[in-house]
Amino acid sequence: MTTTSEEYDVIVVGAGPPGENVAGRTAAAGLRTVIVESELVGGECSYWACMPSKALLRPVAALAEARAVAGSREAVGPRALDAAAVLARRDSFTSHWQDDGQVRWLRDNGIELARGHGRLAGERAVTVEADDGSERLLTARHAVAICTGSRPVLPQNVPGLHEARPWTNREATASPTVPARLAVVGGGVVGVEMATAWRALGSEVVLLVRGGGLLPRMEPFAGELVAEGLRAAGVDVRFGTEVASLERAEGPGPVTLVLGDGERLTADEVLYATGRAPRTTDVGLEQVGLKPGSWLDVDDSCTVLGVADAWLYAVGDVNHRALLTHQGKYQARIAGAVIVARAEGRALDTSRWGAHAASADSAGAPQVVFTHPEVASVGLTLDAAEQAGLRVKTVDHDLGSVAGASLYGDDYRGKARVLFDLDREVLVGASFVGPGVAELLHSATVAVVGEVPIDRLWHAVPAYPTISEVWLRLLEDCRG
């Protein structure tokens, strides 16, 4: 039974990074804002995704880079990572799964918090059910933003999967112990990053991939070099492999994976990294004429399509534009500005690259995969550019031939690719694979998003000797 009713200017459902950023923008503009959260304030990224996974992966890269240079290699020797220290550092980055600091940030920024499960209850209305069963009815004068994110998807047709109690990204990033044997199913970002981390921490890892390569949304050479790196680290990488069924007894104990060819593999844990779905099954979409469990279609202002009067917004993973934390935060900055402008009666600028359009989602969303080697990309792949009908020139360069790379690590291996739009004479995509390439990515993002003409990029001189000097070689080939 609803016991209280309260009115706000803005209601945000979901307190992950997108929700926090929407709320931060609207509250800063003087709009009374409440954020609704049923779990930890800070969301998936803070506790079960970006932060803990990168805390697990950074020691792997640091040790590998030390071993790549004569002198530091001898100092490090053959010693493995201190797993207990790595896990303790991981725990510190998640604040030990306590959200006191994030709650304090809300309070300091004038944002109210409603603990409980939020559901749409009609136009500009949200009910919040607390753990004790009590309910609050919140109404919004201006806007409701759905920022509930995404959840891992498990296949429905694998016998024994539920009984096998598989890991998802949450268990994989939060495990307090190192499994002796880990089977990873899936060759996307979560699969390759967790295979990298747990192998370095001492697990025997087998990576099972149904297709013929890793990281299928990226340039093919990225998956090839990552597969080489995983195998060099001792991961058993298998392509064209199906898991037919799983077997596991109740209680602690190993899990058996029965493969499509009848082979039986035994592991202590199995991680399924096979995709994401929106967290919209139980957020009241049916109350506003939308389908529960669906991705929410939005325009470039992040306003939900199919709902009258432009009061409902969807920000972050839930709108399926770009399932990346930094893009969700970017969308939140846009959506926050839109909500404020509409509340103040100001016109919107939703033109491409306008103040109220999340244009970068389609033109220049950057991504880093923190394997060894790293993968960094922004904009289009060659396949995507061709499907879009663009007339592009592909320019590849061996990163290991750049002076800065050879100094970075002995026997450095890597590759760079840019896509040059021959009609507009700008870059529309860039991909880098190699140790330390994550820090190359923002320069590529500025070039792609800024649509900087090649003739002007030519005057952006990289410092010598750095890995960034690869830009000279790439631009030379673009100019012909």
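Treat the numbers as computed from the prediction; the structure is a model and nothing was measured. (Residues numbered from 1 in each chain as written. Predicted model: local features only at pLDDT ≥ 70, side-chain atom pairs only at ≥ 80, totals over all residues. Heavy atoms only, no water.)

A.B. asks: Hey, could you go over the sheet that holds strand E12 (residues 255–259) for me, with residue numbers and the actual values?
C.D. replies: The strand order across the open sheet built from 3 strands is E11-E12-E13, with neighbouring strands paired in antiparallel fashion. Both outer strands of the open sheet, strand E11 (243–247) and strand E13 (264–267), are each paired with one neighbouring strand and no more. Taken over all neighbouring pairs, the strand axes of this sheet differ in orientation by 25° on average, direction set aside. By the bridge criterion, 4 bridges tie E12 to E13 in an arrangement that is antiparallel. Bridged to Val255 within E13 is Ala267. (Pairing = 2+ DSSP bridges. Helix = DSSP H or I, 4+ residues; strand = E, 2+ residues; numbered from the N terminus. Axes fitted to C-alpha atoms, helices over the stretch in contact; angles between N-to-C directions.)

A.B. asks: Which residues make up helix H10 (residues 325–343), and what values go with them?
C.D. replies: Taking 1.5 Å as the rise per residue, H10 with 19 residues should run 27 Å; its terminal C-alpha atoms sit 27 Å apart, in good agreement. Among the residues of H10, Gln327, Gly328, Tyr330, Gln331, Ala332, Ile334, Ala335, Gly336, Val338, Ile339, Val340 and Ala341 are the ones counted as buried. Just past H10, the residue Gly345 takes up positive phi, approximately 75°. (Expected span 1.5 Å × (residues − 1). Buried < 20%, exposed > 50% of the residue type's maximum accessible area, 1.4 Å probe, protein only.)

A.B. asks: Which residues make up the pairing of strand E18 (residues 374–379), and what are the values?
C.D. replies: Most of E18 sits inside the fold, with 5 of its 6 residues counted as buried. Two elements, strand E17 (residues 367–369) and E18, share 3 bridges in a ladder whose sense is antiparallel. Residue pairing for E18: Val369 is matched across the bridge by Val375. Connecting E17 to the next strand, E18, in antiparallel fashion are 4 residues. Note: E18 against strand E21 (residues 426–434), 6 bridges, orientation antiparallel. Counted as the bridge partner of Ala376 is Phe432 from E21.

A.B. asks: Please set out the sheet that holds strand E8 (residues 181–185) residue by residue, giving values where relevant.
C.D. replies: A sheet is described by the order of its strands in space; here 4 strands give the open sequence E10-E9-E8-E14, paired in parallel fashion. The open sheet has two edge strands, strand E10 (236–238) and strand E14 (269–272), and neither has a second partner. This sheet shows a mean twist of 15° between the axes of neighbouring strands, independent of strand direction. Inspection of the sheet shows E8 paired to E14 by 4 bridges, in the parallel sense. Note on E14: the bridge partner recorded for Val185 is Tyr272. The strands that helix H8 (residues 189–200) touches are E8, strand E9 (204–208) and E14; relative to E9, the one it contacts most, it runs at about 165°. (Contact = heavy atoms within 4.5 Å.)

A.B. asks: Could you give an account of the nonpolar core, with specific residues and numbers?
C.D. replies: Counting residues in hydrophobic clusters, the biggest one holds 37 residues, and the most contacted among them are Val192, Trp198, Leu207, Leu214, Leu215, Leu230 and Val375. Put simply, the parts of the chain that give this core at least two residues each are helix H3 (50–67), helix H5 (83–93), E8, H8, E9 and helix H9 (220–232). Not counting the four nearest positions on each side in its chain, Val375 is found in contact with Leu215, Met218, Ala222, Val226, Gln367, Val368, Val369, Phe432, Val433 and Val437. Counting residues in each nonpolar core, the second largest holds 30 residues, with Val368, Ala405, Val418 and Leu441 among its members. (Core = buried A, V, L, I, M, F, W, Y, C linked by side-chain atoms within 4.5 Å.)

A.B. asks: Explain helix H1 (residues 17–28) residue by residue, including any values.
C.D. replies: Relative to the 16 Å expected for 12 residues at 1.5 Å per residue, H1 spans 16 Å between its end C-alpha atoms, a close match to the ideal helical length. Taking burial as the measure, the 12 residues of H1 include 9 buried ones, the bulk of the element. What H1 keeps buried is the set Pro17, Pro18, Gly19, Glu20, Val22, Ala23, Gly24, Thr26 and Ala27. In the segment just after H1, Gly30 is the residue with positive phi, at about 95°.

A.B. asks: Could you give an account of the pattern of salt bridges, naming the residues involved and the relevant values?
C.D. replies: Enumeration according to the criterion identifies 32 salt bridges in this entry. As a salt-bridge pair, Glu228 and Arg413 come within 2.4 Å of each other at their nearest N and O atoms. Here Glu228, found in helix H9, pairs with Arg413, found in the loop between helix H13 (403–408) and strand E20 (415–421); they are 185 residues apart in sequence, far enough to count as distant. Residue class for Arg413 comes out exposed when judged on its relative accessible area of 52%. Members of the salt-bridge network, linked through shared partners, are Glu39, Glu44, Arg170 and Arg279. (Salt bridge = Lys/Arg side-chain N within 4 Å of Asp/Glu carboxyl O.)

A.B. asks: Describe in detail the packing of H3 against H5, supporting the description with residues and values.
C.D. replies: As a packed pair, H3 and H5 sit with axes 9 Å apart at the nearest point and diverge in direction by 150°. The pairing of H3 with H5 is recorded here as roughly antiparallel in orientation. Viewed along their axes, H3 and H5 form a crossing whose handedness is right-handed. Counting all contacts with H3, which are made through Met51, Pro52, Ala55, Leu56, Arg58 and Pro59, the residues of H5 involved are Val86, Leu87, Arg89, Arg90 and Phe93. When its residues are assigned to classes, the contact of H3 with H5 shows 8 nonpolar, no polar and 3 charged. (Parallel < 35°, antiparallel > 145°, perpendicular 65-115°, else oblique. Left-handed = near helix turned anticlockwise from the far one by under 90°. Nonpolar A, V, L, I, M, F, W, Y, C, P; charged D, E, K, R; others polar.)

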